[in-house]
Amino acid sequence: QVTLSAGAELDARRVNQYTLILRAACPGEDEVEERLFVRVTAGNVLRCDTPFASAEGDVVQVLADVAPRTPLYSVLPQPLGGLTGFPSPSFLQFRLRNHNTPLTLTRRGLVLAPDNGFDLSKDTQTFRLEIEVMDRHGHNCSGAVRVEVLPSQRPRVTFPEPHRAVTVTEGVDPWEVITQVHARGDNVRYAILAPVAPALFTIDEVTGEIRSTRRLQVIRAHLLIRAYNALHPGDHATTTLNVTVQGTDRQAPRCVPAIFVSQVPETLSHGSTLVTLRCTNSTSTDWCLHYALEGPPSSRSHFFMEGPQLKVNTTLDYDSEATAALGFQFTATIVVTVGGQSLQSTRVPVLVTVTPVNEFRPACPSGAAFSVPETAAFGSVVGRVAGTDRDYPLNSLEYSLEGGSGPAQPFSIDRHTGEIHVVGPLDAQQQKSYRLVVRLTDIHNDLDLRKRQSRLCDVSVRLQAVRDQPPLCIPEVQELRITAGSPGSRQPVISLVCHSSPDTAALTYTIVGGNEDGRFLLEGNTLVYLPNERAEPHPFVLLVEVRGGSGARRRSSLVALVVHVTPWSTPVPPSTTARHTTLQKEPLLVVRTETVWHPPAWFVSVLTVSGVLLLATLVCMARNLLCR
C-alpha cells in the first residue's frame, strides 16, 4: 500500500508525475523490481502562504499608541500574506481558534487592534492568533500571526503634581477662575471625574482652567481631575485637587509651643519629628492652616515641614566645619498662615542645638617607625605619633605608653602632643630596636565623658649605632706663663677647647697629675689657680683627663699643661743698711712615667676565641639544666 506523506504538498504546475521504483523479494527467490507511475492532476486546492502557514507563523510589529480597531494584518493574497487558489475572500470563512486575545478577527480576514487600544503602561507585549481558513467546498488551511506591540515613542499624559491644594476666600463670583491644572503629553484634554453633584466647579476641556459655577461659601471640596489624549483615550492620568474656601477672619492663629528650643544628638535620623505644633484659629479648622519654614538656607535646609510637624531633612552632622561655623546651632522660623494669607500668620522661632556623639575610633598613623642615635641625650625627641580621629574637634587625642617607662623601655610620650622622648640610656650593642605600644584615647567627643574610645598602635624605634672616639683637645700640650695674684683670690688660667663624638656627649675634666699642694682646680673646662704667699717662681706640669660618653662607653684623653707661675711681689721701702740679692733658681722639671702594656695581636685573638668558647660552654650547661 502506497500512501502520501503527511507533510507532502502536491503542485501539478510544478511536478505532474512521480516515478516510484518498487523492489520485492521472497525467501529463496530472486528480487523483482517494478515501476509505479503517479500522475498529479490540477484541482481546486486551498493553500496558505508560507510565512502564515509556517510553524512560527507570520510576525507583525506595531506601536502601542495605534488607534483602536486599526487593521494590523490581512489574511488575503496580498503582500502582507494571504491565500492562493481563490481570487475573492467573499467565498472564504475565517475562524479564530484561540480566544485569549484582545485582538479582533473580521469576517474578511482582517486582524484589528483592541476596541480600547493597547495598554500604554506596559513594555513590549506579544499576542498570538491561530486562524483557520475554509472555502465553501470544505477545503481548509491554517496558520498563525504573532503581533508584537512595541512601546510608544510619544510622551505619555502625566501630571507634574499628583496632589494639589488651593485656598480661596469666600465670596468668589460665579465663573471666576479658581486655578488651572496642567498635564504633559500630546492632544491633552481635561475632565472632572468627581464629584458629579453638586457641580460647584467646571473645567475647560482644552486649557484646564477651573471655574466656580456659583458664589462660593466656606467649604472644602475634593476634585478628581483626569487628563487624557484625545486621540488615544487609553493614555490618561489623574490628579487630586483640594479646594478650600475660607472665611475672611483677620485674626492670626495661636500656636503651642510659641517658641521651640531643643537639644538633639547628631545621630538623629532623617525624618525624625522634632516638634508637632498645635495651632488654632477662631473661625478656621486645622485643615485651613498652612505651615512654611523660613530662615537662613544653611540652617533651613536641615529641616522640613510635614503639616504641623517639624522634621529632620538631612543628617545633623556635628563633625563638620560647616556646623562648627554655625556654633552647632540651627535657627529657623515656622510661619503658620490661614489659607496662605500673610495677614493672618503666626511665627514660631526654632532653635536646635546639636550635641556631639562619639561615633568613630581613633586611627593609627601609617608607618610609625623612628630612628634615634644611641648617644641621644636625656629628653631628646625621637618622633611624634600623629593619630587621627574624625569626631569633632578633629584629632582631639590623649597619648599614653603601655607598660610605662623603665630600663626595658627607656622612652616616654607626651600626653598631649604624642612626642616620644628618651628617658634612659641607649646601647645599640645590647638592643638594636624597641617595639612600643601607644594607646590613643579620644577626648571631648561626647557629652557623656564615659563614652571614650581608644586604639592601640605599634611604634618601632631603631637605634643608630655611633662610633665611639675619645675627646679631641686642641692643642694637647700647652705651656703657659702667669703672674700670681694676691693670696686668697681665684685666678682663671685657661679654658680648654675639647670636642667629643658625637657633639652632644657631655665632657668631664679632671686633674690627674702635677697639682702640687692643690693650687689648681677645674671649674668645668676652665683651669683656676689659687695663689699663695710663695715668693719664688715655680713651674707646674699638670695632666688633665678629659672624659666623654657614659658607662662602659666612656673614652678619655690627656692634656698636658706646663704653667710657669711668677710670684706675686709687694713693694719694699729702700734701706741703707744692706742689699740682698735673690738668686734665680733653675726651674725644676717633674717627669712622671706611666707603664703601659701593649699585648701582641696573636694574644688578643687567642683571648677572644677562648672567651667565646667559654661563653658557649656556659650556655650549653644552662640549657641542659633547664631541660632537666
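Thresholds, definitions, all that
- Residues numbered from 1 in each chain as written.
- Predicted model: local features only at pLDDT ≥ 70, side-chain atom pairs only at ≥ 80, totals over all residues.
- Heavy atoms only, no water.
- UniProt positions renumbered as here; feature names shortened; annotations may be inferred.
- Helix = DSSP H or I, 4+ residues; strand = E, 2+ residues; numbered from the N terminus.
- Buried < 20%, exposed > 50% of the residue type's maximum accessible area, 1.4 Å probe, protein only.
- Contact = heavy atoms within 4.5 Å.
- Areas by Shrake-Rupley, 256 points an atom, 1.4 Å probe, with all protein chains shown as cover.
- Pairing = 2+ DSSP bridges.
- Axes fitted to C-alpha atoms, helices over the stretch in contact; angles between N-to-C directions.
- Core = buried A, V, L, I, M, F, W, Y, C linked by side-chain atoms within 4.5 Å.
- Disulfide = S-S within 2.5 Å.
- Salt bridge = Lys/Arg side-chain N within 4 Å of Asp/Glu carboxyl O.

With an unreviewed UniProt entry as reference, the protein chain is termed CDHR4 protein, source organism Sitta europaea. What UniProt states about the protein chain under its Subcellular location (unreviewed entry) heading is, verbatim, "Membrane".

1. With respect to the overall build of the protein chain
Broken down by element type, the protein chain carries four helices and 43 strands. Relative to its full complement of 628 residues, the protein chain shows a buried share of 35%. In the protein chain, once contacts between residues fewer than 6 apart in sequence are set aside, the share between residues at least 24 apart is 65%. For the protein chain, the accessible area works out to roughly 38,800 Å², and carbon and sulfur atoms hold 53% of it.

2. Observations concerning the sheet that holds strand β21 (residues 273-276)
Read across the sheet, three strands follow the order β21-β25-β24 without closing on themselves; strand pairing throughout is antiparallel. If you trace the sheet from one side to the other, it starts and ends with β21 and β24 (303-306), each paired once. Shown here is a sheet whose adjacent strand axes are inclined to one another by a mean of 25°, direction ignored. Relative to strand β25 (residues 309-312), β24 is paired through four bridges, and the arrangement is antiparallel. From the neighbouring strand, Phe303 faces β25, where its bridge partner is Val312.

3. Quick word on the sheet that holds strand β8 (residues 104-105)
With antiparallel pairing, the three strands of this open sheet are ordered in space as β5-β9-β8. For this open sheet the edge positions go to β5 (71-74) and β8, each flanked by a neighbour on one side alone. Where β8 lies against strand β9 (residues 110-112), two bridges are found, and the strand directions are antiparallel. For Leu105, the partnering residue across the bridge sits in β9 and is Val111.

4. Quick look at the environment of Arg214
When you line up the elements, Arg214 lands in the loop between β16 (209-212) and β17 (219-229). Contact partners of Arg214, with chain neighbours within four places excluded, come to Val172, Pro174, Ala199 and Leu200.

5. Some thoughts on the nonpolar core
If you look at the biggest cluster of nonpolar residues, it comprises 27 residues, and the most contacted ones within it are Val62, Leu103, Phe118, Ile131, Val133 and Val147. Put simply, the parts of the chain that give this core at least two residues each are β4 (58-63), β5, β7 (92-96), β10 (125-135) and β11 (140-150). Those residues in contact with Val62 that lie beyond four places of it in its chain are Leu72, Phe118, Val147, Glu148, Val149 and Leu150.

6. Thoughts on the state of the cysteines
Scanning all chains against the criterion turns up three disulfides. Through a disulfide, Cys255 is tied to Cys279; the S-S separation comes to 2.1 Å. Between Cys255 and Cys279 the disulfide shows an S-S torsion of about 115°. By sign, it is right-handed. Of this pair, Cys255 sits in strand β19 (residues 254-256) while Cys279 sits in strand β22 (residues 278-280), placing them 24 residues apart in sequence. You'll find Cys255 and Cys279 in the same group, each marked buried. Between the sulfur of Cys473 and that of Cys498 lies a disulfide, 1.9 Å long from S to S. Looking down the S-S bond of the Cys473 and Cys498 bridge, the torsion is 105°, so its handedness is right-handed. Of the two residues, Cys473 sits in strand β35 (residues 469-473) while Cys498 sits in strand β38 (residues 498-501), which places them 25 residues apart along the sequence.

7. Details of the pattern of salt bridges
Tallied over the entire structure, the rule returns 17 salt bridges. A salt bridge links Glu33 to Arg23, with the shortest nitrogen-to-oxygen separation between them at 3.0 Å. Residue Glu33 is located in strand β2 (residues 32-39), and its partner Arg23 is located in strand β1 (residues 17-24); the two are separated by 10 residues in the primary sequence. Relative accessible area serves as the criterion here: at 42%, Glu33 is assigned to the partly exposed category.

8. Some remarks on the environment of Leu326
When you line up the elements, Leu326 lands in the loop between α3 (321-325) and β26 (329-338). Leave out the neighbours within four places in its chain, and Leu326 touches Ser298 and Ser299.

9. A closer look at unusual backbone geometry
The linkage connecting Ala194 with the following residue, Pro195, adopts the cis geometry, with an omega of 0°. Residue placement: Pro195 occurs in the loop between β14 (188-194) and β15 (201-203). With an omega of -10°, the peptide bond between Ile474 and Pro475 qualifies as cis. Despite not being glycine, Phe328 shows a phi value in the positive range, around 60°. Along the chain, Phe328 turns up in the loop between α3 and β26. A positive phi angle, close to 60°, is found at His444, a residue other than glycine. Structurally, His444 is set in the loop between β33 (433-442) and β34 (454-464). Classification of His444 as exposed rests on a relative accessible area of 58%.

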